Amino acid sequence: MPDTMTSTADSYKYGFVTAVEADTIQKGLNEDVIRLISSKKQEPPFLLEFRLKAYRWWLEQVEPRWAHVTFPPIDYQAIRYFSAPKPAKPKLGSLSEVDPEVLATFERLGIPLGEQKRLSGVAVDAVFDSVSVGTTHKEVLAKHGIVFCSFSEAAREHPALVESYLGSVVPFNDNYFAALNSAVFTDGSFVFIPKGVKCPMDLSTYFRINAAETGQFERTLIIAEEGASVSYVEGCTAPMRDENQLHAAVVELIALDDATVKYSTVQNWYPGDQDGKGGIYNFVTKRGRCAGRNSKISWTQVEAGAAITWKYPSVILKGDNSVGEFYSVALTNHCMQADTGTKMIHLGRNTRSTIVSKGIACERSRNSYRGLVRITPGAEGARNYSQCDSMLVGDACEANTFPYIEVGNNTAVVEHEATTSKISAEQLFYLQSRGLDKEAAVSLLVNGFCKDVFKTLPLEFSVEAVRLLEMKLESSVG
Amino acid sequence: MNAVVTRLAVPDGYAGLLAAVLRDGAGRGEPEWLATRRHGAFDRLRAMGFPTTRAEDWKYTNIRSLLDATFTLPRREPVPEVKSLIPHHLEDENELIFVDGCYAPEHSRFEPESGLHVVSLEDGLRNGDGEALRQRLAESLPGDDSPFVCLNAALSGCGVYVRVDRGVTVSKRIHLLFLTTGLQPGVMVSPRVVVDVGAGAQVRLAQSHIGRSGAAAFTNVVTDLHVGDNANVFYTKVQSEAPEAYHCSFVRSRQAASSVVTLLDFTIGAKLARNDLYAGLDGEGAELHLDGLYAVRGRQLVDHHTTVDHRVPRGLSRQIYKGILNDSARVVFNGKVLVRPGAKLTDGYQINQNLLLSRSATVNTKPQLEIANDDVKCTHGATIGQINEDQVFYLQSRGIAKDAAVAMLSRAFVEDVLFLVHDKPLQESLRALLATYFGK
């Protein structure tokens, strides 16, 4: 590692760059670039139409600035909208054809893609810059009729499914960044769980930004048919660079009758150095639609990276008796900024939602919870419980809470609670008097503070999340 | 996409109102600086315009109907009798009565106390208080950029200046009563209340806005409280305007060190009511109790926007806003608690609770915390729900009619806010006023 890297480097062990030959296009954005991306991916015509429609709408929009974050203007013409590690053949026959450097990168990130490693019990789709480089366990999943592949592959192999669901939850003109994504998205994961199938293993996507001056615009679409269920996990890292890189993804989840989709994120994008230089802008639109009766969508996120996190994983509770959940831990340190939360839109009868959000703000960071709970007049018997706690570590940080609660039906019961406080001096003292050093004591207390969220993560990721938080706090406490 | 309309032009008629106010002021010998101030405020208002629902602070409140209405300025007319207008008439207090936007000394009663100065704005500007008042009005305060505060500054005609000297405890409650009789349809009343409480002083103030049914008026009031060190202020605002009326209010309180301020905002009337409140804890160890009670029905809309601003260490704030909604009423609550970077050891608490009695009532609540210091304890909460069926059933099984049971449980729901009013006669009168909501 170069000498110039500071203490952030110690806490961000994923900051390396992999030297791979890449197929990269010119910087800038125009209709030709979009056509080029579409042709490189051999997409069906409807997708190009979708992209162009989104692009034309995006051109007329003004970049939104209402979030409680500050960032310099983004030059959308200085971004490369496509970068793929070479020899990315149009279609990879097997993982052995992937550049060994790329495979080594994922090994180093702790994501084994090799066939011999399939015992790990999780099927992984690995996205390197703009393209998916490999998906594991495909055959096992295929036996159950489950489709788990890169988005590009899905567009070629299952165009009918993609066409009917793409943009059905997050339309191309939903918001500025979602429109940009709709225009230039390069890859992502596609999951289809057919009727009555319980997915036998956790599915996972690992996103890696490698190339410089690129943005990552992936698109994930998960469809669970009647009675199906799936647990999906995403992780992400990026090299350390002084420039800011934009990550504007869109995730759409659809749950039909009695289906369950659980979506977990452990986000560890490069957050910039301790003075806020560089880092990823994580401007993501994530939304799920509980379309059917008794369906359930659950979001769990551990947001520990990115210079700016600006996202609201949401659930539209359309089906009667459907359930939406949001569990979040957002940790910000150094100069990181986070404006994150959720939206629960209750449309159906007896719909229920739970929001548990834990924010930890350290040093000079800014951590905001922003959420919306909307009970529409037709949502008879709806129920919401929200709890948003913030913990402040250091006297220059900021913790904000902006909960919007809109209730239009008197049979609804809505509760919102929030607390903000610093780590209890008494608790710290107690642990220190028992021989724990300050760092370990803080780490223990923070873990306790976040426990409600961590316990909702799949086991391996729960362990990972705890470790990630400890690592982040190491440089902030003491 | 078409350009989004984010502001609305100031209605044409308002310029005419300003001209009339200036003409009238010149006739009565209003000082030159006041006319300049009016012009300045009106220019600011014209530059910013009125907000649409695209503005974050007006997201749920559309004021187009207010801007479409035509208003006139108050005319001084003799009114033989006003007592019948006052539903919660209180004995043993000093009452300053304003009828349709004009001070009515003939109906007011005031026993002078030493150390207490109370003058109508008009008199204050003419006599010895003119300079102190000029200074107070020249101070810039949070909320000066609100369009309705600008409108008030441009058009304010009536008002009161209350000054309590250092160390004085005022024995009687001071009650400012703004009555709308309906004799002047479409009257726009813009009162300005300025209260100066010296160090260590103590005073109880009530400000009531009462309208007779059928009185489609627009009240746009601004109240500024300047509270000195160790002072103790109880301030209650009661809004029981006519069901056709518009009501905009901005209360601003600035507290010096170790002062205690207790504010109560009681809202039951008006078609559209917007209550802005700013409470700045400017001195160390200041304590604020901020309570709200609202009971609305029909197509009423009440919009509360409160800001509690902890600027220095060791501040304490307690905020409880509770309300009942029936029919198609709508309530907006946006409670902001700010803790500034240096305000360590702040203890903040805020809760907003709503009881929905009908299917079509709507609540939009946003309890908001903005905290920039780690050594604080802040909690907020919000709940929205309906009456517990089991409790209604229990009361019915004891022979109480359903309506009465619902009224009883609703009254109990807001009783804890009334309970916080330590001034017993005032508490009783508020309870009586609330009873009218339940049709008694």
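Residues numbered from 1 in each chain as written. Chains lettered and ligands numbered in written order. Predicted model: local features only at pLDDT ≥ 70, side-chain atom pairs only at ≥ 80, totals over all residues.

## Brief notes about the overall build of chain A
Then, number 1: Scanning chain A for helices and strands turns up 11 helices and 24 strands.
Then, number 2: Residues counted as buried form 56% of the 478 residues belonging to chain A.
Then, number 3: Considering only intrachain contacts with a sequence separation of at least 6, the fraction spanning at least 24 residues in chain A is 82%. (Helix = DSSP H or I, 4+ residues; strand = E, 2+ residues; numbered from the N terminus. Buried ≥ 20, exposed ≤ 12 C-beta atoms within 10 Å, placed from the backbone. Contact = placed C-beta atoms within 7 Å.)

## Details of the overall build of chain B
Then, number 1: Of the regular secondary structure elements, chain B holds 9 helices and 22 strands.
Then, number 2: Dimensions of chain B, computed from C-alpha atoms along their principal axes, come out at roughly 70 × 60 × 50 Å.
Then, number 3: Counting the 440 residues in chain B, one finds 50% classified as buried.
Then, number 4: Counted over contacts in chain B with a minimum sequence separation of 6, partners at least 24 positions apart contribute 82%.

## A word on the environment of Gly335 of chain B
All names here are of chain B.
Then, number 1: Structurally, Gly335 is set in strand E19 (residues 330-339).
Then, number 2: Take Gly335: there are 24 C-beta atoms within 10 Å of it, and that puts it in the buried class.
Then, number 3: With 215 residues separating them along the chain, Gly335 and Ser120 place their C-alpha atoms 32 Å apart.

## Some details on the packing of helix H1 (residues 12-27) of chain B against helix H2 (residues 32-48) of chain B
All names here are of chain B.
Then, number 1: One way to put it is that H1 packs onto H2 with a least axis distance of 11 Å and a crossing angle of 175 degrees. As judged from the angle between their axes, H1 and H2 are roughly antiparallel. Between H1, through Leu18, Val21, Leu22 and Gly25, and H2, the contact on the second element is made entirely by Leu34, Ala35, Arg38 and Phe42.
Then, number 2: The class makeup of the residues in the contact of H1 with H2 is 6 nonpolar, 1 polar and 1 charged. (Axes fitted to C-alpha atoms, helices over the stretch in contact; angles between N-to-C directions. Parallel < 35°, antiparallel > 145°, perpendicular 65-115°, else oblique. Nonpolar A, V, L, I, M, F, W, Y, C, P; charged D, E, K, R; others polar.)

## Focus on the interface of chain B and chain A
Then, number 1: Opposite the 32 residues of chain B that make contact, chain A presents 32 residues.
Then, number 2: Of all the elements in the fold, those that place two or more residues in the side of chain B that touches chain A are strand E21 (362-371) and strand E22 (376-386) of chain B.
Then, number 3: Grouping the constituent residues of the side of chain B that touches chain A by class yields 13 nonpolar, 13 polar and 6 charged.
Then, number 4: Sheet analysis places strand E23 (residues 398-407) of chain A next to E21 of chain B, joined by 6 bridges and oriented antiparallel. Bridged to Ala399 of chain A within E21 of chain B is Ile371 of chain B. (Pairing = 2+ DSSP bridges.)

## Notes on the environment of Thr285 of chain A
Then, number 1: Structurally, the position occupied by Thr285 of chain A is in strand E13 (residues 279-290).
Then, number 2: Residue classification places Thr285 of chain A among the buried residues on the basis of 24 C-beta atoms within 10 Å.

## Observations regarding H2 of chain B
In an α-helix, one turn spans 3.6 residues, which is why side chains three or four residues apart end up on the same side.
Residues and elements named next belong to chain B.
Then, number 1: In this model, H2 (17 residues) spans 25 Å end to end at C-alpha, consistent with the 24 Å of a helix rising 1.5 Å per residue.
Then, number 2: Listed as buried for H2 are Ala41, Phe42 and Leu45. End-on, the buried residues of H2 take up no more than an arc of 95 degrees, which puts them together on one face. Those residues of H2 that are exposed and angled more than 90 degrees off the buried face are Glu32, Thr36, Asp43 and Ala47. (Expected span 1.5 Å × (residues − 1). Arc of directions from axis to C-beta.)

## Some points on the nonpolar core
Then, number 1: Judged by nonpolar contacts, the single largest core of 256 residues is most densely connected at Val191, Ala224, Val230 and Ala255 of chain A.
Then, number 2: When residues in this core are grouped by element, the largest group, 7 residues, is from helix H6 (residues 147-155) of chain B.
Then, number 3: Among all residues touching Val230 of chain A, those that are not within four sequence positions of it are Val191, Ile193, Cys199, Leu203, Ile222, Ala224 and Val261 of chain A. (Core = buried A, V, L, I, M, F, W, Y, C linked by C-beta atoms within 7 Å.)

## Thoughts on the pairing of E21 of chain B
Residue and element names in this part refer to chain B.
Then, number 1: By the criterion of burial, E21 is predominantly enclosed, with 10 of the 10 residues buried.
Then, number 2: Of the two faces of E21, both are covered, the one formed by Thr362, Asn364, Lys366, Gln368 and Glu370 as well as the one formed by Val363, Thr365, Pro367, Leu369 and Ile371.
Then, number 3: Note that E19 and E21 share 10 bridges and pair parallel. Bridge pairing in E21 links Leu338 to Glu370.

## Some remarks on the domain arrangement of chain B
Residues and elements named next belong to chain B.
Then, number 1: You can read the domains of chain B as domain 1 (14-41 + 60-386) and domain 2 (387-440).
Then, number 2: For domain 1 and domain 2, the distance between their C-alpha centroids amounts to 26 Å.
Then, number 3: Those elements that place two or more of their residues in the side of domain 1 that touches domain 2 are strand E10 (202-211), strand E12 (232-240), strand E14 (260-267), strand E16 (287-296) and strand E18 (316-325). (Domains from an automatic or database assignment.)

## Considering the confidence of the model for chain B
Then, number 1: The pLDDT averaged across chain B works out to 92; a share of 98% of its residues lies at or above 70.
Then, number 2: This prediction of the complex comes with two scores: 0.86 for pTM and 0.82 for ipTM. (pLDDT = per-residue confidence, 0-100.)

## Section: the packing of helix H7 (residues 389-397) of chain B against helix H8 (residues 402-419) of chain B
Residues and elements named next belong to chain B.
Then, number 1: Contact pair H7 / H8: the axes reach a minimum separation of 9 Å and the direction vectors enclose 125 degrees. Between H7 and H8, the crossing angle belongs to the class labelled oblique. Here H7 and H8 pass one another in a crossing that is right-handed. Mapping the contact onto sequence places Gln391, Val392, Leu395 and Gln396 in H7 and Lys402, Ala405, Val406, Met408 and Leu409 in H8. (Left-handed = near helix turned anticlockwise from the far one by under 90°.)

## Considerations on the confidence of the model for chain A
All names here are of chain A.
Then, number 1: On average, residues of chain A carry a pLDDT of 85, and 86% of them reach 70 or more.
Then, number 2: Overall, residues 1-9 carries pLDDT values under 50, and its contacts beyond four positions in sequence, including any with other chains, amount to 12 contacts.
Then, number 3: Note that pLDDT drops below 50 for residues 115-120; the model gives that stretch 5 contacts with residues more than four away or on any other chain.

## Observations regarding unusual backbone geometry
Then, number 1: For His334 of chain A, which is not glycine, the phi dihedral falls at a positive 45 degrees.
Then, number 2: The topology assignment puts His334 of chain A in the loop between strand E17 (323-332) and strand E18 (337-340).
Then, number 3: For His334 of chain A, a count of 23 C-beta atoms within 10 Å puts it in the buried group.
Then, number 4: Unusually for a residue other than glycine, Asp100 of chain B sits at a positive phi of about 45 degrees.
Then, number 5: Tracing the backbone through its elements, the reader meets Asp100 of chain B in the loop between strand E3 (93-99) and strand E4 (102-103).

## Considering the pairing of strand E15 (residues 272-281) of chain B
All names here are of chain B.
Then, number 1: Burial of E15 is extensive: 10 of the 10 residues sit out of reach of the surface.
Then, number 2: Side chains of E15 alternate between two faces, with Leu272, Arg274, Asp276, Tyr278 and Gly280 and Ala273, Asn275, Leu277, Ala279 and Leu281 buried alike.
Then, number 3: Taken together, the 10 bridges between strand E13 (residues 246-255) and E15 define a ladder with parallel strand orientation. Paired with Gln255 across the strands is Leu281, a residue of E15.
Then, number 4: With 10 bridges connecting them, E15 and strand E17 (residues 301-310) associate as parallel partners. Within E17, the position partnered with Leu277 by the bridge is Thr306.

## Structural notes on the environment of Asp224 of chain B
Residues and elements named next belong to chain B.
Then, number 1: Looking at the element boundaries, Asp224 is found in strand E11 (residues 218-227).
Then, number 2: Remark: the alpha-carbon pair of Asp224 and Val251, spanning 27 residues in sequence, is separated by 6.0 Å.
Then, number 3: Excluding residues that lie within four positions of it along the chain, Asp224 makes contacts with Leu141, Val194, Val195 and Arg252.

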